[in-house]
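# Chain and residue survey
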Amino acid sequence: QVQLVESGGGLVQAGGSLRLSCAASGSILSINVMGWYRQAPGQQRELVATITSGGSTNYADSVKGRFTISRDNAKNTAYLQMNSLKPEDTAVYYCNGRVDIFDGWRRRDGLDYWGKGTLVTVSS
């Protein structure tokens, strides 16, 4: 019904930058909230940043001042600009969307979808 596809991950040295993208597709009426989460090996998945359709943002304390989340509503795409990267930022980064959709002729609201993730590796 809805697909979220992340891109932009890779290997970068500490202090460098990466820009992640998340493209949503499907029978989407609206995406109320988009967010980025990350999961390191053996760790719980944790929130990195979220952004509402109106542009309100929320960040984990560990990334404030370094990461910026944004979205292009016309393209159903979210971005995560990551600057001053640290080795502890190494993780698989997942895109999340809280979505209102059309299922056939039926509207369904507030459904949660996840992408498959993109790997970010920060070397020291």
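I will try to describe carefully the structure that is included in this document. (Residues numbered from 1 in each chain as written. Predicted model: local features only at pLDDT ≥ 70, side-chain atom pairs only at ≥ 80, totals over all residues. Heavy atoms only, no water.)

## Describing the packing of aromatic side chains
For clarity, the cut-off: Two rings belonging to Phe, Tyr or Trp (six-membered ring only in the last case) form a pair when the distance between their centres is within 6.5 Å. Interplanar angles under 30 degrees mark stacking, angles over 60 mark edge-to-face geometry, and anything in between is tilted. Numbering goes from the N terminus for both helices and strands, where a helix is a DSSP run of H or I of at least four residues and a strand is a run of E of at least two. Accessible area is worked out with a 1.4 Å probe on protein chains only. A residue is then buried under 20% of its type maximum, exposed over 50%, and partly exposed in between. Criterion for a charge above a ring: Arg CZ or Lys NZ at most 6 Å from the ring centre, at most 35 degrees from the ring normal.
In total, this model carries 1 aromatic pair according to the counting rule given. Ring geometry for tyrosine 37 and tryptophan 114: centres 4.9 Å apart, planes at 65°, overall edge-to-face. Linking tyrosine 37 in strand S4 (residues 28–39) with tryptophan 114 in strand S10 (residues 106–114), this pair joins segments that are 77 residues apart in sequence. Judged by its relative accessible area of 36%, tryptophan 114 falls in the partly exposed class. When the ring centre of tyrosine 79 is taken as origin, the NZ or CZ atom of arginine 19, which lies over that ring, is 4.3 Å away. Positioned above the aromatic ring of tyrosine 94 is the side chain of arginine 45, whose terminal nitrogen or guanidinium carbon lies 3.7 Å from the ring centre.

## Quick notes on the sheet that holds strand S8 (residues 77–82)
Convention followed: DSSP-based pairing: two strands are paired if at least 2 bridges between them are found. Here an angle of 0 to 180 degrees is reported between the N-to-C directions of two axes, which are lines fitted to C-alpha atoms, with helices fitted over the stretch in contact.
The sheet built from 4 strands is open, its strands ordered S1-S3-S8-S7 with antiparallel pairing. Whereas interior strands pair on both sides, the edge strands pair on one side only; in this sheet they are strand S1 (2–7) and strand S7 (67–72). Across the sheet, the axes of successive neighbouring strands diverge by a mean angle of 15°, strand direction being ignored. Bridging between strand S3 (residues 18–26) and S8 involves 6 bridges; their strand directions are antiparallel. What sits directly across from cysteine 22, in S8, is alanine 78.

## Describing the state of the cysteines
We count it as follows: In this description, a disulfide is simply a cysteine sulfur pair whose atoms lie within 2.5 Å.
All chains considered together, the criterion is met by 1 disulfide. For cysteine 22, the disulfide goes to cysteine 95, at an S-S distance of 2.0 Å. Torsion about the S-S bond of the cysteine 22 and cysteine 95 cystine: about -80°, corresponding to left-handed handedness. Note that cysteine 22 is positioned in strand S3 and cysteine 95 in strand S9 (residues 91–103), a separation of 73 residues in sequence.

## Quick notes on the nonpolar core
For clarity, the threshold we go by: To qualify as a nonpolar core, a set must consist of buried Ala, Val, Leu, Ile, Met, Phe, Trp, Tyr and Cys residues joined through side-chain atoms within 4.5 Å. Throughout, a contact is declared for two residues whenever any of their heavy atoms are within 4.5 Å.
Grouped together as the largest cluster of nonpolar side chains are 32 residues, with contacts concentrated most on Trp36, Val48, Phe67, Leu80, Met82 and Tyr93. With 5 residues, the single largest contributor to this core is S9. Once residues lying within four places of it in the same chain are set aside, the contact partners of tyrosine 93 are Glu6, Leu20, Trp36, Tyr37, Arg38, Val48, Phe67, Leu80, Met82, Gly117, Thr118 and Val120.

## So, the pattern of salt bridges
Filter applied, for reference: Salt bridges are defined by distance alone: a side-chain nitrogen of Lys or Arg within 4 Å of a carboxyl oxygen of Asp or Glu.
Applying the stated rule across the entire model yields 8 salt bridges. Two residues, arginine 66 and aspartate 89, come together in a salt bridge whose shortest N-O distance is 2.8 Å. With arginine 66 in the loop between strand S6 (57–59) and S7 and aspartate 89 in the loop between S8 and S9, this residue pair connects regions lying 23 residues apart in the sequence. Since its relative accessible area comes to 11%, arginine 66 is described here as buried. Residue classification places aspartate 89 among the buried residues on the basis of a relative accessible area of 1%. Through salt bridges with shared partners, a single ionic network connects Arg38, Glu46, Arg66 and Asp89.

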